[in-house]
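The chain contents come next:
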Amino acid sequence: MTFKKSIALLLSGSMLAAAALTGCGSDNTAAAVSNTAGKDLLDQIQARGSITVAMEGTWAPWTYHDENDELVGYDVEVAKLIANELGVDVNFVEGEWDGLLAGLDDGRYDIMVNGVGVTPERQEKYDFSVPYAYNKTAVIVRSDYDEIHSMEDLKGKHTANTISSTYATLAEKYGAEVTGVDDLNQTIELLLSNRIDATLNTEVTYYDYLKAHPDADIKIAALSDEVEKVAIPVRKGDDTKTLLAAINDALAKLDESGELTALSEKYFGTDISKLEN
């Protein structure tokens with residue numbers, strides 16, 4: 001056998017071996033794709049062993065950091081209990097309100113647990129769990145401000161809230177001019193410096209702020225007649241249906257066991273997990 005023939009045979013053998021290996025690699029890749037194809041979001045969460053939950057971390061008593069810089073709050077504990085029911089760990093990701101829903105849209109977060117109010121506009125874009133809390137909206141003003149006595153008095157007034165929040169939408173509905181802010185502390189600063197007339201937030205958030213800042217020169221000027229339902233949004237689609245069902249089952253168990261009531265009383269001083277309250 002000549003040297004050239006030997007080289008040719010070696011090259012031919014190498015090519016066949018490479019082709020065989022490539023074929024195996026394709027089979028393995030196909031198998032891997034096959035193993036993940038068709039898996040919905042709940043399957044993916046359970047496969048990875050954790051659920052990614054978006055929240056602000058700056059909105060007491062829903063989600064905030066305590067004196068030890070630990071992330072705590074009603075929603076933090078609710079999320080942990082839901083994760084426990086799903087049999088997975090929880091991975092919290094904090095951010096400003098306006099970016100949280102965008103992250104949910106993009107698939108960066110599995111769910112958002114952050115006192116999210118259910119509105120017709122949001123229901124067009126997201127599927128919501130059963131409510132796990134109920135709110136009334138308070139119009140908060142400086143103690144010496146006497147121009148607002150009802151929601152209708154918001155017309156022509158200047159308010160501040162995170163732009164995509166239900167509170168901003170409600171203020172605009174009643175004719176207020178809304179300034180966008182990042183969080184509650186910034187809002188109160190604007191209020192106390194006379195740069196806005198009022199801000200809207202949950203009644204329980206007002207009392208929690210007052211508990212932490214007993215000398216704050218603020219008061220509730222009016223309360224909404226409507227009761228806001230608070231629930232957990234997930235992306236719409238067939239791949240989220242089993243996750244939504246599992247979350248609803250978890251919330252039902254937490255309600256029946258009394259754990260939601262206990263958490264509500266712990267953080268709000270009253271049970272806001274029931275509509276009658």
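Being a predicted model, the structure only gives us computed values, none of them experimental. All residue numbers refer to positions counted from 1 along the written sequence of the respective chain. Per-residue local features of the predicted model are confined to residues with pLDDT of at least 70, and side-chain atom pairs are confined, for both listing and counting, to 80 or more; whole-chain, interface and lining totals are unaffected and use all residues. To get the side-chain values, take all heavy atoms of the structure and skip hydrogens and water.

Participant: Help me out: how do you make sense of the sheet that holds strand β10 (residues 199–202) in this one?
Facilitator: Consider a sheet: its strands pair through backbone hydrogen bonds, and that pairing is either parallel or antiparallel. Paired strands, in this sense, are two strands between which DSSP finds at least two bridges. In DSSP terms, a helix is any run of H or I states spanning at least four residues, a strand is any run of E spanning at least two, and both are numbered starting from the N terminus. The strand order β10-β7-β11 describes an open sheet built from 3 strands, whose pairing is antiparallel. The two strands at the open ends of the sheet, each matched to only one other strand, are β10 and β11 (218–230). In this sheet, adjacent strand axes meet at a mean angle of 25° when their direction is disregarded. Of the pairings in the sheet, the one linking strand β7 (residues 133–142) to β11 comprises 9 bridges and is antiparallel in character. Looking at β11, one finds that Val141 is bridged to Lys219. Every residue pair with non-hydrogen atoms within 4.5 Å of one another is taken to be in contact. Inter-axis angles, ranging from 0 to 180 degrees, are taken between N-to-C directions of lines fitted to C-alpha atoms, where helices are fitted over the stretch in contact. Packed onto the sheet, helix α7 (residues 184–192) meets β7, β10 and β11 and runs at close to 30° relative to β7.

Participant: I tried to follow the environment of Ala47 on my own but got confused; where do I start?
Facilitator: Locating Ala47 in the fold gives a position in helix α2 (residues 41–48). Under the relative-accessibility criterion, Ala47 is labelled exposed at 59%. Distance from Ala47 to Val88, taken between C-alpha atoms, is 9.1 Å for residues 41 residues apart in sequence. With a 1.4 Å probe rolled over the protein chains alone, any residue whose accessible area is under 20% of its type maximum counts as buried; one over 50% counts as exposed, and the rest are partly exposed.

Participant: Whenever I open this one, helix α4 (residues 97–106) confuses me. Can you help?
Facilitator: Because each turn of an α-helix spans 3.6 residues, side chains separated by three or four positions end up pointing in the same direction. Among all positions of α4, only Trp97, Leu100, Leu101, Gly103 and Leu104 are buried. Down the axis of α4, the buried side of the element spans an arc of 155°, and every buried residue falls inside it. Tucked into the core, α4 has its buried residues touching β1 (50–55), β5 (111–112), α5 (120–125), β6 (126–128) and β12 (233–235). Just downstream of α4, Gly107 is the residue with a positive phi angle, here 85°. Each C-beta atom gives one direction from the helix axis, and the arc is the one those directions make.

Participant: Explain the side chain of Thr159 to me, please; I cannot follow it from the model alone.
Facilitator: Mapping Thr159 onto the fold places it in strand β8 (residues 158–161). For Thr159, a relative accessible area of 0% gives the class buried. When residues no more than four places from it in sequence are discounted, the contact partners of Thr159 are Leu154, Ala171, Ala176, Glu177, Val178, Thr179, Ile196, Ala198 and Leu200.

Participant: Is there a simple way to think about the packing of aromatic side chains in this case?
Facilitator: For any two aromatic rings, the description comes down to two numbers: the centre-to-centre distance and the angle of the planes. Aromatic pairing here means that ring centres of Phe, Tyr or Trp (its six-membered ring) are within 6.5 Å. Orientation follows from the plane angle: under 30 degrees is stacked, over 60 is edge-to-face, and everything else is tilted. Within the structure shown, the criterion is met by 6 aromatic pairs. Among the aromatic residues, those joined into a cluster by ring pairs are Trp59, Trp62, Tyr74, Tyr132 and Phe268.

Participant: What's the story with the pattern of salt bridges in this structure? I'm lost.
Facilitator: Two side chains of opposite charge can pair, provided their charged atoms sit close to one another. Salt bridge, as used here: a side-chain nitrogen of Lys or Arg that lies within 4 Å of a carboxyl oxygen of Asp or Glu. This structure, assessed with the given rule, holds 11 salt bridges. Between Lys241 and Asp238 there is a salt bridge, and its shortest N-O distance comes to 3.1 Å. On the accessibility criterion, Lys241 (54% relative accessible area) is exposed. Judged by its relative accessible area of 63%, Asp238 falls in the exposed class. Within the structure, one salt-bridge network assembled from shared partners comprises Asp255, Asp271 and Lys274.

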